[in-house]
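# Understanding the architecture of this molecule
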Amino acid sequence: MLRRILHISRREVGLLIGNPIYMFCMVLLPGFVVVFFTTMMGAGQPKSMPVGVVDADNTSTTRTLTRKLDSFQSTAVTAHYNSVTEARKAMQRNEIYAFIYFPAHTIDELLSSRQPKISFYYSNACITSGSLLFKDLKTIATLGSAAVGSATLSAMGKTDSEIATFLQPIIIDLHPIGNPTTDYNVYLSTSLIPACLMLFIFLITAYSIGTEQKFGRSREWLAMAGDNIGIALAGKLLPQFAVFATVMCSYLIYIYGSLGFPNAGGPVVTLILGILAVLAAQGFGTFAFGVAPSLRMSMSICSLWAALSFSVMGATFPISAMPPAVEALTYLFPMRHYFAIYQSCVFGGSNPADVWPDFMFLLLFAISPIVMLHRIGKATREWVYMP
């Protein structure tokens, strides 16, 4: 049996080398995806996003607040406008992402304790930029109030310690766990890139089996396995597993070793998770071909499943907040279990035993082709490819 598997694997290596699409989809495109995402978000957070100012008060205090806003990492004050209407039109033209409005007599009303109102407008079409700019604009509003309050208390003879206690009676000690710098590269690259890699594995697995049927090689392939479809699949998928496992491990070594992404789970858990992800993706691709033993239909199923994985894996919207029916369906997606293990063990440093059901689900996906062996074998022997 081992000799037959190795014989088929040597044949598969020849097919991988002879068909450029394999090299492109298994090595070049995954490498491009890794470099593209990690480079695009290499700064960690968006910087110097354009912001406008409408300063109808035009006092030294509002000008100081404007300079402080411009000094923030995420914000760059690029324009001053005479009215809210002008600033709004500029934001609609995407010239700025937000603007702050200081009405006339803002500081006078603040000094006389008449609670003035300043307004800030921001575009939340992009949640990342909107939330970051909202935080900076809100900080500026707080700083303005604190500056006037500090000057007033100082004039009353209060000490610096008393002023600090009055302005901030409770000190907040923040501890962002797993991603202390709130690095969007750490947050997004560790979810988008594995999902893309699993997409490639889905498609290549279904494609490699379907092309045996398309090019009339299926009976020859099965004969080499002694008419045992299990041996035939093992020999075919073994070289692909070696390539995809190498690509996955290279990606993990790159982000955790070279880029220094936080890894509270350690290298062993991380590598085991990567290998399981490759096996689960290959298993699902084979299972999909068993469901629809056709090159076109099986690749369509894999594409659909991979596309939905981006939405249901829980990276941007928590699974627990989804409707119960959708939450139940998420268990059918390998990427959902990969990300659950990543969040718990690699990102949070939890014990792998805490997420053992997700490990089991990945193993189930890896061995799921067993239930389709008869159907795949029958299609290999009898079905004729229809373009």
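Above this text sits the structure in question.
Residues numbered from 1 in each chain as written. Predicted model: local features only at pLDDT ≥ 70, side-chain atom pairs only at ≥ 80, totals over all residues. Heavy atoms only, no water.

## So, the environment of Leu29
Counted only if it meets this: Counting from the N terminus, the helices are the DSSP runs of H or I reaching at least four residues and the strands are the DSSP runs of E reaching at least two. The contact rule is simple, with two residues in contact once any of their heavy atoms fall within 4.5 Å.
With respect to the helices and strands, Leu29 occurs in helix 2 (residues 20–40). Residues Leu29 and Leu197, 168 residues apart in the sequence, show an inter-C-alpha distance of 9.2 Å. In this structure, Leu29 is in contact with Phe24 and Phe200, ignoring residues within four places of it in sequence.

## Focus: the packing of aromatic side chains
Aromatic ring pairs are defined here through the distance separating the ring centres and the angle between the ring planes. Here is the rule: Between 30 and 60 degrees the pair is tilted, below 30 it is stacked and above 60 it is edge-to-face, where a pair is any two Phe, Tyr or Trp rings, Trp via its six-membered ring, whose centres lie within 6.5 Å. Per-residue accessibility, obtained with a 1.4 Å probe over protein chains only, is compared with the maximum for each type, and a residue is labelled buried under 20%, exposed over 50%, and partly exposed between these values.
By the definition in use, this model includes 13 aromatic pairs. Ring plane angle 25° and centroid distance 5.7 Å describe the contact between Phe32 and Phe36, whose orientation is recorded as stacked. With a gap of four residues between them, Phe32 and Phe36 both fall in helix 2, about one helical turn apart. Relative accessible area serves as the criterion here: at 38%, Phe36 is assigned to the partly exposed category. Look at Phe339 and Tyr342: their rings are 5.8 Å apart centre to centre, the planes differ by 35°, and that puts the pair in the tilted class. Pair noted here: Phe339 and Tyr342 are both in helix 14 (residues 334–347), with a separation of three residues, about one helical turn.

## Quick notes on the environment of Ala307
Tracing the chain through its elements places Ala307 in helix 12 (residues 295–312). Sequence separation of Ala307 and Ala195 is 112 residues, and the distance between their C-alpha atoms is 8.9 Å.

## Topic: the pattern of salt bridges
Heads up, the rule is: One speaks of a salt bridge when a side-chain nitrogen belonging to Lys or Arg is within 4 Å of a carboxyl oxygen belonging to Asp or Glu.
For the coordinates displayed, the defined rule picks out eight salt bridges. With a closest N to O distance of 2.7 Å, Lys236 and Glu212 form a salt bridge. Taken together, the residues span a long stretch of sequence, with Lys236 in helix 10 (residues 229–258) and Glu212 in helix 8 (residues 184–214) at a distance of 24 residues. Here the two residues Lys236 and Glu212 agree in accessibility, since each one is buried. A salt bridge links Arg336 to Asp358; its shortest N-O distance comes to 3.7 Å. Residue Arg336 is found in helix 14, and its partner Asp358 is found in helix 15 (residues 356–367); the two are separated by 22 residues along the sequence. With respect to class, Arg336 is no different from Asp358; both count as buried. Each member of the salt-bridge network shares a partner with another, and the members are Arg11, Glu12, Glu212, Arg217, Glu220 and Lys236.

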